[in-house]
Amino acid sequence: MLLHILSMFAFWALTLSNYVNTEFVMCETTDGSPLASDCESAFEDMSHPERVKGGKVAQCFETNPLGSGCKNVFWHGSCNITLCRKDDATDLDLYNVTIQTGARILHDMCKSGDRVGGYITYDSMGKANKGSPCSPKDGDSVDRSINIEFTKRKTN
């Protein structure tokens, strides 16, 4: 079991290093966290436009330039995938593949029972957007940070 956990961590660390200079994962899973299966469906839906209302998934997701700086960009059931800008950044987009990869890593590292919660921080937006039409692009000197978070979605 320990070998499996270590090999999974090494795989995700290597995968993530292709997208960002430095990553930080903070698990905050509690009984109030969203269902892990809903979070998994949310990031899997990003690869399947036919599952999404309107049949289209954006290539780039903008951060919220106002207030908290957080914006729910994708959701399923009890789970929101939320982008939160840091360092007062106001002009950031994040590549959908980077969001999906970060969400998958967060899910795999922070799942506890049937719940998952926490965030992953990307420290270099230029590197995170490598190979995408999003801004800033790789090579741009932008060292602003952004978090990808799982948050509980209010459902009625």
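In the block above lies the structure referred to throughout.
The rules behind the values
- Residues numbered from 1 in each chain as written.
- Predicted model: local features only at pLDDT ≥ 70, side-chain atom pairs only at ≥ 80, totals over all residues.
- Heavy atoms only, no water.
- Salt bridge = Lys/Arg side-chain N within 4 Å of Asp/Glu carboxyl O.
- Helix = DSSP H or I, 4+ residues; strand = E, 2+ residues; numbered from the N terminus.
- Buried < 20%, exposed > 50% of the residue type's maximum accessible area, 1.4 Å probe, protein only.
- Contact = heavy atoms within 4.5 Å.
- Core = buried A, V, L, I, M, F, W, Y, C linked by side-chain atoms within 4.5 Å.
- Pairing = 2+ DSSP bridges.

Trainee: What should I look at first to understand the pattern of salt bridges in this one?
Mentor: If charged atoms from side chains of opposite charge come close, those side chains can pair. Scanning all chains against the criterion turns up two salt bridges. Residue Glu 44 is joined to Arg 104 by a salt bridge in which the shortest nitrogen-to-oxygen separation is 2.7 Å. You can see Glu 44 sitting in helix 2 (residues 36-45) and its partner Arg 104 sitting in helix 3 (residues 96-110), a full 60 residues away along the chain. Note on Glu 44: relative accessible area 22%, which makes it partly exposed. With relative accessibility at 25%, the residue Arg 104 sits in the partly exposed group. A salt bridge links Arg 115 to Asp 114; the nearest nitrogen and oxygen atoms lie 3.9 Å apart.

Trainee: I keep staring at helix 2 and nothing clicks. Help me out?
Mentor: It helps to recall that an α-helix has 3.6 residues per turn; residues three or four apart then point in one direction. Three or more residues of helix 2 are buried, namely Ala 36, Asp 38, Cys 39, Ala 42, Phe 43 and Asp 45. Against the buried residues of helix 2 lie strand 3 (70-76), strand 4 (79-85), helix 3 and strand 7 (146-152).

Trainee: Is there a simple way to think about the nonpolar core in this case?
Mentor: When a protein is soluble and globular, its nonpolar side chains tend to lie buried together. With 24 residues, the main nonpolar core has Phe 61, Ile 81, Leu 83, Ile 99, Ile 148 and Phe 150 as its most contacted residues. Every element with two or more residues in this core is listed here: helix 2, strand 3, strand 4, helix 3, strand 6 (118-122) and strand 7. The greatest single-element share of this core, amounting to five residues, is contributed by helix 3. Setting aside residues no more than four positions away along its own chain, Ile 148 makes contact with Ile 81, Thr 82, Leu 83, Leu 94, Thr 98, Ile 99, Gly 102, Leu 106, Gly 118, Tyr 119, Ile 120 and Tyr 122.

Trainee: Please clarify how the pairing of strand 6 should be interpreted in this entry.
Mentor: Walk down a regular strand and you will see the side chains alternate between the two sheet faces. The element strand 6 is largely enclosed, with a buried count of five among its five residues. Neither face of strand 6 is open: one carries Gly 118, Ile 120 and Tyr 122, the other Tyr 119 and Thr 121, and all of them are buried. Here strand 6 pairs with strand 7 via five bridges, running antiparallel. Looking at the pairing, Gly 118 lines up with Phe 150 of strand 7.

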